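# Breakdown of the fold
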Amino acid sequence: MNSPSTGRRRILRGALAAAGTMLLSACDKLSHNESFVNFLKSAQHLSRSAHKAVSARKAMAQEFTEADIAPHFRSNGTLMPRDEHYRDLVRGMFMDYKLKIDGLVETPAAFSLAELRAMPSRTQITRHDCVEGWSAIGKWKGVPLAHLLAQVKPLPSAKYVVFRCADSMDSGSSDSTYYESVDLDDAYHPQTILAYDLNDAALPMSNGAPLRARIERQLGYKHAKYVMRIELVDSFDKIRGGNGGYWEDLGYEWYAGI
Ligand SMILES: Nc1nc2c(c(=O)[nH]1)N[C@H]1C(S)=C(S)[C@@H](COP(=O)(O)O)O[C@H]1N2
Ligand SMILES: [Mo]
């Protein structure tokens, strides 16, 4: 017997398949038509809401056991930020580090690592999937982002959480520091944490010391490392390329659900 949700899923799948066929057969003729190209661009939002409908945004990412933990958790992207401000923090063993939280909040705040470690924590063993084609299972401990948000009280206008990182991606004078963002659904998800430990030890520099985001239902590039500041915003328009992340500004999807 079909459950209502199986039925709904089948209808959705049918609708998407039909839309796909329509797109394929219409593609040749329509690819020169400007309004059709704009329609295709808007289809990114369609696939996002379809994903939302099918996989229920409250769902938990799979968690694993101690026996599944990879002996060495790979690192990727920046392994050692060369930015002077970050090097200073490393020299001081992160004693001067403070996570700033500001933007569309009632009470902006800044927390030291000791303060973050004294807050309620969550530990989770999860699989990290990088778009470059590798995965690794690791055990993360950190403070739930929901707890931090409760301290600063987002204003009703806040829609997204932006993670600002320490590492510049390009040499040159303009700001190329890594950044990422999620909506409030993911921000308040119980598995969304700011992690300070990996596999029962302080987070290594190559994995984002002293603090990195874990956004467990999304691909690796969403998991910002070297997080310095969390900013609440109502739009990405005024932030760099306007697409909500360093890789998004270079063409990656903003919603990278697994
Ligand atoms: N600040 C920062 N965060 C980042 C990156 C980066 O280069 N800089 N790379 C991203 C990518 S593509 C992946 S797969 C993961 C890698 O995390 P890891 O180094 O702990 O494996 O971090 C993500 N977060
Ligand atoms: Mo990645």
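Not measured: the values here are computed from a predicted model.

## Structural notes on the overall build of the protein
- When its secondary structure is counted, the protein shows six helices and ten strands.
- Counting only residues that meet the buried cut, the protein has 41% of its 258 residues in that class.
- A separation of at least 24 residues holds for 69% of the contacts in the protein among residues at least 6 apart in sequence.
- Accessible surface, the protein as shown: approximately 13600 Å² in total, 57% of it carbon and sulfur.

## What about the site of ligand 1?
- As a structural note, the neighbourhood of ligand 1 is formed by 22 residues, with Arg74, Asn76, Asp167, Asn207 and Lys225 the closest of them.
- Asp167 is positioned such that a nitrogen or oxygen atom in its side chain is 2.7 Å from a nitrogen atom of ligand 1.
- Expressed as a share of its isolated accessible area of 530 Å², the protein-covered part of ligand 1 is 98%.
- Broken down by secondary-structure element, the contributors of at least two residues to the shell around ligand 1 are strand S3 (122-130) and strand S5 (160-168).
- Taken together, the residues of the shell around ligand 1 sort by class into nine nonpolar, nine polar and four charged.

## Digging into the pairing of strand S1 (residues 98-103)
- Two elements, S1 and strand S2 (residues 109-112), share four bridges in a ladder whose sense is antiparallel. Note on S2: the bridge partner recorded for Lys98 is Ser112.
- Between S1 and S2, which pair antiparallel one after the other, the connecting turn spans five residues.
- Looking at chain direction, S1 and strand S10 (residues 227-233) are connected through four bridges and run parallel. In the sheet register, Ile101 faces S10, and the bridge partner there is Ile230.

## Re unusual backbone geometry
- For the bond from Ala209 to Pro210, the omega torsion is 5°, close enough to zero to count as cis.
- Mapping Pro210 onto the fold places it in the loop between strand S8 (201-202) and strand S9 (212-214).
- Despite not being glycine, Asn199 shows a phi value in the positive range, around 50°.
- Examined against the element boundaries, Asn199 turns out to sit in the loop between strand S7 (193-198) and S8.
- Owing to a relative accessible area of 26%, Asn199 belongs among the partly exposed residues under this scheme.
- Although it is not a glycine, Tyr226 sits at a positive phi angle of roughly 50°.
- In this fold, Tyr226 is placed in the loop between S9 and S10.
- Exposure remark for Tyr226: the relative accessible area of 1% places this residue in the buried category.

## A few points about the sheet that holds S10
- Judged by pairing direction, the sheet is mixed, and its five strands sit side by side in the order S2-S1-S10-S5-S6 without closing on themselves. Strands with a single pairing partner mark the edges of an open sheet, and in this sheet they are S2 and strand S6 (177-183). Between one strand axis and the next, the sheet turns through 20° on average, direction left out of account.

## Comments concerning the environment of Ile69
- Structurally, Ile69 is set in the loop between helix H2 (34-55) and helix H3 (84-91).
- Along the chain, Ile69 and Ala136 lie 67 residues apart, while their C-alpha atoms are 7.8 Å from each other.
- Excluding its chain neighbours within four sequence positions, the residues that come into contact with Ile69 are Ile125, Ile137, Lys139 and Asn199.

## A look at the pattern of salt bridges
- Enumeration over the complete set of coordinates arrives at 15 salt bridges.
- Here Glu248 makes a salt bridge to Lys222, at a shortest N to O gap of 3.0 Å. Residue Glu248 is located in the segment after S10, and its partner Lys222 is located in the loop between S9 and S10; the two are separated by 26 residues in the primary sequence.
- The class for Glu248 is buried, based on a relative accessible area of 4%.
- Note that Arg229 and Glu231 form a salt bridge whose closest N and O atoms lie 3.5 Å from each other.
- Residue Arg229 is classed as partly exposed on the basis of its relative accessible area of 27%.
- Through salt bridges with shared partners, one network takes in Asp102, Arg164, Arg229 and Glu231.

The rules behind each value
- Residues numbered from 1 in each chain as written.
- Chains lettered and ligands numbered in written order.
- Predicted model: local features only at pLDDT ≥ 70, side-chain atom pairs only at ≥ 80, totals over all residues.
- Heavy atoms only, no water.
- Helix = DSSP H or I, 4+ residues; strand = E, 2+ residues; numbered from the N terminus.
- Buried < 20%, exposed > 50% of the residue type's maximum accessible area, 1.4 Å probe, protein only.
- Contact = heavy atoms within 4.5 Å.
- Areas by Shrake-Rupley, 256 points an atom, 1.4 Å probe, with all protein chains shown as cover.
- Near = heavy atom within 4 Å.
- Polar contact = N/O pair within 3.5 Å; in protein donor to acceptor, adjacent residues only side chain to side chain.
- Nonpolar A, V, L, I, M, F, W, Y, C, P; charged D, E, K, R; others polar.
- Pairing = 2+ DSSP bridges.
- Axes fitted to C-alpha atoms, helices over the stretch in contact; angles between N-to-C directions.
- Salt bridge = Lys/Arg side-chain N within 4 Å of Asp/Glu carboxyl O.

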